[in-house]
Amino acid sequence: MSVLGELERRLGTEDRGVLRFITAGSVDDGKSTLIGRLLHDSRQVLEDQLAQVSRASAKKGVNYLDLSLLTDGLEAEREQGITIDVAYRYFATAKRKFIIADTPGHEQYTRNMVTGASTADAAVILIDARKGVLPQTRRHTYISHLLGVKHIFVAVNKMDLVGYAQDVFEAIRRDFLAFAERLRIQDLRFFPVSALQGDMVVERGAGLPWHDGPTLLEALEEVEVRNEAQLKPLRFPVQLVIRPGAGTDFRGYAGRIESGVVRVGDEVVVLPANRTTRVRGTDGSTGSRRPPSRATP
Amino acid sequence: MSAVLQPEAGARELPARSHLDWLESEAIHILREVAGECANPVVFFSGGKDSIVLLRLAEKAFRPGRFPFPMLHIDTGHNYPEVIEFRDRRARELGERLIVRSVEDSIRRGTVRLRSETESRNAAQAVTLLEAIEEFGFDACIGGARRDEEKARAKERIFSFRDEFGQWDPKNQRPELWSLYNTRVHKGEHMRVFPISNWTELDVWQYIAREGLEVPSIYYAHKRKVVRRNGLLVPVTHLTPAREGEVVEELSVRFRTVGDTSCTCPVESTARTPAEIIAETATTTITERGATRMDDQTSEASMERRKKEGYF
């Protein structure tokens, strides 16, 4: 790819903001490998990181590039070959910036998975095609939904190990829906993938011609996080009061707008005092301004 | 509640929020949370690009008021003079208090022992830092570390707990849900707080460009004498002289990260503006620390070990 094309790809032609997602699911379902694949195929793994991974892979005695070594950042994790705590990784496509939280699959570290899930817009729940839906699959789906994750993408991984068989994928989809239907998940989708071989993650690959939907990354690029909160009534928790003191009677209430829009002249109710007042001015991060201040997605 | 969408705004849809706006908003919220929740916070300011971004975010969070915390720099005594000059000037411009504590003082006290005068003082900073935290009784230290820098940092919470010995226990981190941050510490313990955890090197430069922020001159391309050693360009200084047999070259270079002279290396570059650096950063094939740090190459876990001992 030309330098200019590469530049455009990395810097983007549109800026759809940030999408945060987690990878979750049971131990050994391939979460870290999937992230490695996403980073590798979107060319976000740099040469020195690859060199480090290939050194570490050799040391581990495996004859392929163990992409999970990219995210397992703690000594104890590398020694035991497991993920203990959530790791954050960053990548960007031409469409948006992504923040991935790679969460641990072991039951005893579920509390750390919760930390990762709480700030996610989307969850990618991995399932090993050979094992199907496991207790930890259900647990992570419930928790993600409970914490308010609206987009849940089920990636049936390791399709290469079941001969890319469509009926295996369909059977797992039915099993999953059997328990997930009553959760009423807003956006629930299924993807057959092979993170190790690279099928249907970033590229379509050759193994899954029967899947006519988007790849996992294409779907993540299109997730709409347009701020629904903006359409709701104003909620503005005050974090602190700014009073420069001497020589000025400025008094500002600083905080982040959780929902709605605020404009000069709006009538607002102050809680818990339950007093009504009007907004005299708004100071945004670029100084005083007239356009409405609004909720953060 | 009466502040609902007015018809004229509903007709004209508000534009999508850019990723920089998103990052900025998150960071400002975190800074104000520290101000609201912690009794005696401090912000690290080294004169480096990440801490320059932190100070701009603090301006946005607290102006026209004063910063609710002083700035602290741990000076190794081996910093580039351009950076120290910039540090002092920026502090004056802001009109905020700058505290400097130096590794030299720890050496005099005997709490830091170096094998030689020219040994890297990078790791020794942790000792001086913990001494400063104890001296002032800081309960929260705001730093500009980013998760994309290094894989141990990728694991750390935004509000990261330190025990009475200043140590990080990566296997026992606190839960951190939504944007609710647990700031409770006992006497002697403290928090490290990282408002730009979610920023990448590229985000930082895009923000510097957008905000028109000044950075020390050595971040831009300049001529410098270097030698090639272990795949790095080692600057030729009195601390890091050329070794026998090494060829000294004068190249056009810039620093991607500025730290202790003894362990920070520049990269070849001709970028003289933030826009040119953004273009280079977007197409680089080597990570920020991989290209520049002698101290991270010692082992797979060197950062994690330093952090456990109280490092930034």
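What comes next concerns the included structure. Bear in mind that the values here come from a model prediction, so they are computed numbers and not experimental data. (Residues numbered from 1 in each chain as written. Chains lettered and ligands numbered in written order. Predicted model: local features only at pLDDT ≥ 70, side-chain atom pairs only at ≥ 80, totals over all residues. Heavy atoms only, no water.)

### Thoughts on the sheet that holds strand β10 (residues 267-268) of chain B
All names here are of chain B. Taken in spatial order, the four strands make up an open sheet running β8-β7-β9-β10, and their pairing is antiparallel. Of all strands in the sheet, those with a lone pairing partner are β8 (232-235) and β10, marking the two edges. As defined by bridge partners, strand β7 (residues 222-229) adjoins strand β9 (residues 249-254) across five bridges and the pair is classed as antiparallel. Each residue of the ladder has a partner; that of V226, found in β9, is E249. (Pairing = 2+ DSSP bridges. Helix = DSSP H or I, 4+ residues; strand = E, 2+ residues; numbered from the N terminus.)

### Things to note about the nonpolar core
Residues F21(A), V124(A), L220(A), V53(B), L57(B) and W199(B) are the most contacted members of the largest nonpolar core, which totals 119 residues. Setting aside anything within four residues of it in sequence, one finds L57(B) in contact with E24(B), A27(B), I28(B), L31(B), I196(B), W199(B) and Y207(B). One finds F44(B), I99(B), A152(B) and F312(B) within the second-largest nonpolar core, a separate group that totals 18 residues. (Core = buried A, V, L, I, M, F, W, Y, C linked by side-chain atoms within 4.5 Å. Buried < 20%, exposed > 50% of the residue type's maximum accessible area, 1.4 Å probe, protein only. Contact = heavy atoms within 4.5 Å.)

### Regarding helix α8 (residues 274-283) of chain B
Each full turn of the α-helix corresponds to 3.6 residues, which orients residues three or four apart in the same direction. P274(B), I277(B), I278(B), T281(B) and A282(B) are the residues of α8(B) that are buried. Taken down its axis, α8(B) places every buried residue within 135 degrees of arc, on the same side. (Arc of directions from axis to C-beta.)

### Focus: the packing of helix α2 (residues 19-37) of chain B against helix α3 (residues 49-62) of chain B
All names here are of chain B. Two elements in contact, α2 and α3, have axes whose closest approach is 9 Å; the angle formed by their N-to-C orientations is 70 degrees. With respect to α3, the axis of α2 lies roughly perpendicular. Here α2 contributes E24, A27, I28, L31, R32 and A35 to the contact with α3, which in turn contributes L54, L57, A58, K60, A61 and F62. Residues belonging to the contact of α2 with α3 are distributed by class as follows: nine nonpolar, no polar and three charged. (Axes fitted to C-alpha atoms, helices over the stretch in contact; angles between N-to-C directions. Parallel < 35°, antiparallel > 145°, perpendicular 65-115°, else oblique. Nonpolar A, V, L, I, M, F, W, Y, C, P; charged D, E, K, R; others polar.)

### Notes on a nonpolar patch on the surface
All names here are of chain A. A cluster of nonpolar residues, F236, V238, V241 and Y253, forms a patch on the protein surface that exposes about 350 Å² of accessible area. If you trace the backbone, V238 turns up in the loop between α8 (216-222) and β7 (240-242). Note on V238: relative accessible area 43%, which makes it partly exposed. (Patch = residues over 30% accessible without salt bridge, like charges linked within 9 Å, V, L, I, M, F, W, Y side chains within 5 Å. Areas by Shrake-Rupley, 256 points an atom, 1.4 Å probe, with all protein chains shown as cover. Salt bridge = Lys/Arg side-chain N within 4 Å of Asp/Glu carboxyl O.)

### Quick word on the interface of chain B and chain A
Taken together, the contact between chain B and chain A spans 71 residues of the former and 66 residues of the latter. Across the chain B to chain A interface the summed buried area is about 6000 Å²; carbon plus sulfur atoms make up 55%. For K155(B), the salt bridge identified is with E77(A), shortest N-O distance 2.7 Å. Inspection of the region where chain B meets chain A yields 19 residue pairs in polar contact (both at pLDDT 80 or more). When contributions to the side of chain B that touches chain A are tallied by element, the ones reaching two or more residues are α1 (7-11), α2, α3, α7 (201-211), α8 and α9 (302-308) of chain B. Examining the composition of the side of chain B that touches chain A, we find that 12 residues originate from one element, α2(B), more than from any other. (Buried area = accessible area lost by both parts, 1.4 Å probe. Polar contact = N/O pair within 3.5 Å; in protein donor to acceptor, adjacent residues only side chain to side chain.)

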